[in-house]
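Architecture at a glance
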Amino acid sequence: MKITLSAFLFIISSQVYAYTCQCTVEVYPPTTGSHSIPLESKMFDDGREYGRLTKYSYQACATECRESSIDKFPYPQLQQVAYQQSVKLIKNDEVGYNCTGPTTFKYPVRFKASLGPVTLGNVRQEMVIVHHDQKCFY
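Residues numbered from 1 in each chain as written. Predicted model: local features only at pLDDT ≥ 70, side-chain atom pairs only at ≥ 80, totals over all residues. Heavy atoms only, no water.

Summing up its helical and strand segments, the protein chain has three helices and four strands in all. In sequence order, the secondary structure elements of the protein chain are arranged as α-β-β-α-α-β-β. Burial analysis of the protein chain (138 residues in total) assigns 32% to the buried set. Within the protein chain, contacts between residues at least 6 apart in sequence are counted, and of these 69% link residues at least 24 apart. For the protein chain, the accessible surface area stands at approximately 9,500 Å², while carbon and sulfur atoms represent 56% of it. (Helix = DSSP H or I, 4+ residues; strand = E, 2+ residues; numbered from the N terminus. Buried < 20%, exposed > 50% of the residue type's maximum accessible area, 1.4 Å probe, protein only. Contact = heavy atoms within 4.5 Å. Areas by Shrake-Rupley, 256 points an atom, 1.4 Å probe, with all protein chains shown as cover.)

This is how it looks when you write it as structure tokens:
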């Protein structure tokens, strides 16, 4: 009887598993740059927690990440992020080392969602175009 009661209390008191919806933004290197340039990736939202992995929770997490990406990263802000990335790449001589004056960079940006151990794939994709004007001679 004690063993049954102990097992029952252990099951009741055990922690309930919850899966967190995580949203990530990935800024890939410019299409004219080298493929050896690493992508910039960061998690931008830790969303709701879901009690179990179901079709509904997958759809809700993907929708939540898509809406969050639109709110937190509108296109003008993505351009600012890509411009800063361009400055960093030029400073490190990874792109634009042959001074050509005005340069256009195209950055593929992808927003991905995952729910616990399950990756839900892309929820939004953008091609961010940045016009960068690097002075050749000072």
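On inspection of all chains with the given rule, the structure shows two salt bridges. We note a salt bridge from glutamate 126 to arginine 124, for which the minimum N-O separation is 3.3 Å. Overall, arginine 124 belongs to the buried group, its relative accessible area being 12%. (Salt bridge = Lys/Arg side-chain N within 4 Å of Asp/Glu carboxyl O.)

What follows concerns the state of the cysteines. All chains considered together, the criterion is met by two disulfides. Paired through a disulfide, cysteine 21 and cysteine 61 show a sulfur-sulfur distance of 2.0 Å. Since a negative S-S torsion denotes a left-handed disulfide, the cysteine 21-cysteine 61 link at about 85° is right-handed. Here cysteine 61 lies in helix H2 (residues 55–72) and cysteine 21 lies in strand S1 (residues 19–27), a separation of 40 residues in the sequence. Residue pairing for cysteine 23: its cysteine sulfur links by disulfide to cysteine 65, the two sulfurs lying 1.9 Å apart. Its S-S torsion of about -85° marks the bond between cysteine 23 and cysteine 65 as left-handed, since a negative value means left-handed. (Disulfide = S-S within 2.5 Å.)

What follows deals with empty space enclosed by the protein. Applying the stated criterion across every chain, the model contains two cavities of 30 Å³ or more. In this model, the second largest cavity occupies a volume close to 30 Å³. What lines the second largest cavity is Val27, Leu78, Val81, Ala82 and Val109. For the lining of the second largest cavity, the element with the most residues is helix H3 (residues 75–91), which contributes three residues. Of the residues belonging to the lining of the second largest cavity, the class tally is five nonpolar, no polar and no charged. (1 Å grid on protein atoms, 1.4 Å probe; cavity = no way out; pocket = protein on both sides within 12 Å on 5 of 7 lines; lining within 4 Å. Points joined across faces, edges and corners; volume = space filled by probe spheres on them. Nonpolar A, V, L, I, M, F, W, Y, C, P; charged D, E, K, R; others polar.)

With that out of the way, let us pick up H3. With 17 residues, H3 extends 24 Å from end C-alpha to end C-alpha; this agrees with the ideal 24 Å at 1.5 Å per step. Among all positions of H3, only Leu78, Ala82, Gln85, Ser86, Leu89 and Ile90 are buried. Across the axial projection of H3, the buried residues extend over an arc of 130°, all falling on one side. Exposed residues on H3 whose side chains face more than 90 degrees from its buried face are Pro76, Gln80, Gln84 and Lys91. Of the residues one or two after H3, aspartate 93 is the one with positive phi, at around 60°. (Expected span 1.5 Å × (residues − 1). Arc of directions from axis to C-beta.)

Attention now moves to the environment of alanine 18. Relative to the helices and strands, alanine 18 resides in the loop between helix H1 (2–13) and S1. When the C-alpha atoms of alanine 18 and arginine 52 are compared, they prove to be 6.8 Å apart, with 34 residues separating the residues in sequence. For alanine 18, the contacting residues outside a window of four places in its chain are Glu49 and Tyr50.

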